[in-house]
Amino acid sequence: MKKNNPVWHFFSSVHLALTTLIALAITSVIGTLIPQGEAPDYYYRFFGNSIASFFSGPGHNEFINKFAESATTFTRILDLDDMYSSWWYLSLLSILALNLIVCTLDRFPLTWRLIHQDNFKLHSDRIAAKQGAVHFKTSVHFDTTVKILNKHGWKGEVRREEERTIFFAQKGRWGRLGVYIVHISILVIFSGAFIGWLGGFKATVWVPELESVHTAYTQKGNFPLQLPYDIHCNYFDIKYYNNGMAKEYESSISLVQDQKELTTQMIEVNGPLKYEGTTFYQASYQPVPNSFVITFSQDVENTGKKKTITEHFIADYQQPIHWNGMSFGILRVLRFQNKVKQEKFWFKTGDADPWEGWLDNNVPTTVTVDGKVFKITVKQRFSTGLQVAKDPGVPLVYLGCLMMLAGLYMAFFMSHRRIWLLQDNTDKKKFLVLAGSASKNKIPFTDELKNLVEKIQAQTR
Amino acid sequence: MDSSTLIGISTFTSLFATLLYGINLMYNKLGRVATTITAIALLIQTTGIGLRWIESYQIGIGHAPLTNMYESIVFFAWTIILLQLLVEWHFKTRISGTLNLALATIALAWASNSGTVQTAITPLVPALQSNWLVSHVITCFIGYAAFAMTAAFGLLYLLRSKGILVDRLPELNILDELNHKTMVFGFIWLTAGIISGSVWANSAWGTYWSWDSKEVWSLITWFFYAIILHARFTRGWSGMKIATLSMAGLAVVMFTYFGVNFWLSGLHSYGAS
């Protein structure tokens, strides 16, 4: 019934698989030539500039504008600015998926029968006619021969019939499943991607140091996304190489819900924070202009117990801060290659004269004023750029990847090898026939058969 | 002696090995010498790469020498030479030696002398500071090298079928088989390379696939070889068609490797200098 259905036939055909793969390979190129996800007016300029580079000189402007206009319209109609999620690209992927499903259902039963078939049922003539079958006369007893075969890794069964005695052994029959595992692995990856699309999100959030933010913006469409907790940035630090390149940057991030701290962790590029299925990646950073973080640390002795009080302040350029009877602030800043190197800090407590001095950026400095010792750190304030992602489909995608590798290995490297040893009991001369078949690597397998015969013949000498 | 001197010496050693393999291919002579010189070239190059690794630590920016265009080309050449020796040992044939060593020599010479490729050891941007770097680069490059090998067997097939070197080259069906075996090998490693890249991207950026141009081109390459393999398994394609396609395949691979970095923008732009 299935075989005669033209729709079934169409979707199970290899023609369709090849056509779809070719279509995918060719169309995929487009998105690498046309920049993706830009604003509409970008494309007008993009096409204009691209075509203009071919027609230098005056007199072509009208043509160039016309080309840019129609190319932009065409891009909009076919979603070429977001082609990998366009209706037609997703349709191609769906056709591929459908093709894989129908193809598997169509061919799998046959393969399953091949794996489980009774190989003793094969007619003697069919066995003897196998490619590379070796017919040989031997005085070695059938059972001894079987033992030799066993010794060389061919473990199987003997079946004694009236007219013939037959030994059969096989290796690597499950390799025949490899191709199906590869095909199914693609479907598994697709379903992982679908689950991620359904139940996941990817968003960006900027959190200035010592502030909390709970709205992230989706990467696609820039929609606001309310998180169930506040993201608080406790600290951000960046280190540079001697040539000024960023070496590493890290943030201390806390997730806070109803004044309760859920978790706190240092994150860096390649070292994210994971919390209940949502992951926070260090993606970017930028300095907050004219804003600084001042950290005050003081050892206090309170009824014999030593304690360190640490307090952080956001300080704007040249704006004094008053706290606990003290006043302090940033007077001037020394920059080198756009990076803050030193801050001139002033600090007054009690009736003593104010203290003034240059402090290295983000280096703790001990300052003694009015007989009290303070440890002070002044640093440029940064905003940390985080990528917030949730993708419940990832485990499935990874499972699919593992299946694909395992399946490819089975499909390419596991050969289903079968051998038969046959004795015709009606024949007085006691001819033995050793025959075999391999699903791949046929040439070495034939050599292996010949080799086995030599081992058997050696017994007679 | 510094690493670039050693890599320079290995370039000349590879050139010498190319010539020896050429003589071997034409006159069936000096086969063992060619293999020995190739092994020496590999040894010198391995030392060079190792030394470069040490040098990067000495200047305080220690990382595996797999992070810019120069280092990647050197590693590409290294993988081709290694694969050539493995193929020789496994399949007992030296016929692909000339083409592979020539490719390795050209790659090495271009990397060191073209001027478009920076040879200096550069510090690592934070995104590349990951344990996935080494496994991603190695898996991809074994794939690339295997596809170069496949194209070499494809070209030899074309030569043989045009009546060139008939006495020296194996039967067409054996060349076809060698082409297929190396293609299959490359396909698995390319798959592993794409997967390791996805896993890395997911652990660094939270998305395993972002349709970046390098990703798309690696997928196009994957499609390309998947098409060839299906054409062989199910349509019975072999011989001339496959040989030609496998040479075209190398062009796709090379575009994925170089072209994307030079002409297209994207996440892998750090590999362009």
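Within every chain, residues take consecutive numbers counted from 1 along the sequence as written. Chain A is the first chain written and ligand 1 is the first ligand written, with later ones labelled in order. Reporting of local features is limited, given that this is a predicted model, to residues whose pLDDT is at least 70; pairs of side-chain atoms are given and counted only at 80 or more, and all residues count toward the totals for whole chains, interfaces and linings.

A. How the structure looks around the overall build of chain B. If you tally the helices and strands in chain B, you get 8 helices and 0 strands. Note on conventions: DSSP H or I runs of at least 4 residues are helices, E runs of at least 2 residues are strands, and numbering of each starts at the N terminus. Mapped from its N terminus to its C terminus, chain B presents α and β elements in the order α-α-α-α-α-α-α-α. Here the radius of gyration uses the C-alpha set of atoms, whereas the globule reference equals 2.2 Å times the residue count to the power 0.38. Here the C-alpha atoms of chain B give a radius of gyration of 19 Å, agreeing with the 19 Å that 2.2 N^0.38 yields for 273 residues. Out of the 273 residues in chain B, the part that is buried amounts to 52%. We call two residues in contact when their backbone-placed C-beta atoms lie within 7 Å. Relative to all contacts within chain B whose residues are 6 or more apart in sequence, the contacts with residues 24 or more apart total 77%. Residue burial is a threshold on neighbouring C-beta atoms within 10 Å of the residue's own C-beta, all placed from the backbone, with 20 or more meaning buried, 12 or fewer meaning exposed, and counts in between meaning partly exposed.

B. Representation of the domain arrangement of chain B within the structure. Residues and elements named next belong to chain B. Note: domain ranges come from an automatic or database domain assignment. The domain architecture assigned to chain B consists of domain 1 (1-115) and domain 2 (125-273). For domain 1 and domain 2, the distance between their C-alpha centroids amounts to 20 Å. Tallying the contact residues gives 22 residues for domain 1 and 24 residues for domain 2. Elements that contribute at least two residues to the side of domain 1 that touches domain 2 include exactly α1 (3-27), α3 (69-91) and α4 (97-113). With 9 residues, the single largest contributor to the side of domain 1 that touches domain 2 is α3. Of the residues that constitute the side of domain 1 that touches domain 2, the class distribution is 14 nonpolar, 8 polar and no charged. Each residue is assigned to one class: nonpolar for Ala, Val, Leu, Ile, Met, Phe, Trp, Tyr, Cys and Pro, charged for Asp, Glu, Lys and Arg, and polar for all the others, Gly among them.

C. Spotlight on the nonpolar core. We define the nonpolar core as any set of buried residues of the types Ala, Val, Leu, Ile, Met, Phe, Trp, Tyr and Cys, connected via C-beta atoms lying within 7 Å of each other. Val74(B), Phe76(B), Ala77(B), Ile80(B), Tyr144(B), Ala145(B) and Ala148(B) are the most contacted members of the largest nonpolar core, which has 111 residues in total. When residues in this core are grouped by element, the largest group, 16 residues, is from helix α6 (residues 172-205) of chain B. Leaving out residues up to four positions away in the same chain, Ala148(B) has contacts with Ile80(B), Asn100(B), Leu103(B) and Leu250(B). Counting residues in hydrophobic clusters, the runner-up holds 20 residues, among them Leu149(A), Ala169(A), Ile419(A) and Phe445(A).

D. Highlighting the interface of chain A and chain B. Every contact between the two is made by 37 residues of chain A and, on the other side, 34 residues of chain B. Listing elements by their share of the side of chain A that touches chain B, those giving two or more residues are α2 (14-33), β7 (246-257), β10 (278-302), β17 (372-390) and α9 (394-413) of chain A. For the side of chain A that touches chain B, the leading source of residues is α2(A), giving 11 residues.

E. Broad picture of the pairing of β7(A). Residues and elements named next belong to chain A. Alignment of strand β6 (residues 224-240) against β7, held across 10 bridges, turns out to be antiparallel. The partner of Tyr-235 across the bridge, within β7, is Ser-252. Note on pairing: DSSP must find at least two bridges between two strands before they are called paired. Taking the residues between adjacent antiparallel strands as the criterion, β6 and β7 are bridged by 5 residues, where Gly-244 takes a positive phi near 95 degrees. With 8 bridges connecting them, β7 and strand β8 (residues 260-268) associate as antiparallel partners.

F. Broad picture of helix α7 (residues 213-235) of chain B. All names here are of chain B. Each helix should span, by expectation, one fewer than its residue count multiplied by 1.5 Å. Taking 1.5 Å as the rise per residue, α7 with 23 residues should run 33 Å; its terminal C-alpha atoms sit 31 Å apart, in good agreement. Within α7, the full set of buried residues consists of Ser-213, Glu-215, Val-216, Trp-217, Ser-218, Thr-221, Trp-222, Phe-224, Tyr-225, Ala-226, Ile-227 and Ile-228. Once α7 ends, the next one or two residues include Gly-236, with phi positive near 70 degrees.

G. Broad picture of the sheet that holds strand β3 (residues 164-171) of chain A. All names here are of chain A. Ordered in space as β1-β19-β18-β3-β2, the 5 strands form an open sheet in which the pairing is antiparallel. Strands with a single pairing partner mark the edges of an open sheet, and in this sheet they are β1 (134-137) and β2 (156-160). Going across the sheet, the axis of each strand differs from the next one's by a mean of 15 degrees, ignoring polarity. In this sheet, β3 lies alongside β2 in antiparallel orientation, the contact comprising 5 bridges. Each bridged residue has a counterpart across the sheet, and for Arg-160 the counterpart in β3 is Thr-165. Note on definitions: angles span 0 to 180 degrees between N-to-C directions of axes, and those axes are lines fitted to C-alpha atoms, for helices only across the stretch in contact.

H. Region of interest: unusual backbone geometry. Phi at Gln337(A) takes a positive value of approximately 50 degrees, unusual for a residue other than glycine. With respect to the helices, strands and loops of the structure, Gln337(A) is situated in the loop between β13 (326-336) and β14 (339-349). Positive phi, close to 55 degrees, is recorded for Leu165(B), a residue that is not glycine. Inspection of the secondary structure assignment puts Leu165(B) in the loop between α5 (132-161) and α6.

I. Structural detail: the sheet that holds strand β12 (residues 321-323) of chain A. All names here are of chain A. If you walk across this open sheet you meet the 4 strands as β12-β13-β14-β15, and the pairing is antiparallel. Of all the strands in the sheet, just β12 and β15 (355-360) have a single pairing partner and so form its edges. Ignoring which end each strand starts from, the neighbouring axes of this sheet average 25 degrees apart. Both β13 and β14 contribute to a ladder of 10 bridges, which runs antiparallel.

J. Quick peek at helix α2 (residues 31-58) of chain B. Residue and element names in this part refer to chain B. Along its 28 residues, α2 runs 40 Å from first to last C-alpha, staying within 8% of the 40 Å computed at 1.5 Å per residue. Along its buried surface, α2 packs onto α1, α3 and α4. Where α2 ends, the next residue or the one after it, Gly-60, has phi of about 85 degrees, a positive value.

K. How the structure looks around the domain arrangement of chain A. For chain A, the domain assignment lists domain 1 (6-111), domain 2 (117-172 + 415-460) and domain 3 (202-390). Computed over C-alpha atoms only, the centres of domain 1 of chain A and domain 3 of chain A are separated by 46 Å.

L. Structural context of the pairing of β13(A). Residue and element names in this part refer to chain A. The sheet contact formed by β12 and β13 spans 3 bridges and is antiparallel. Counterpart to Ile-321 in the pairing with β13 is Phe-328. The hairpin formed by β12 and β13 contains 2 residues between the paired strands, and Asn-324 there has a positive phi angle of roughly 55 degrees. Hairpin connection between β13 and β14: a loop of 2 residues separates the two successive antiparallel strands, and Gln-337 in this loop has a positive phi of roughly 50 degrees.

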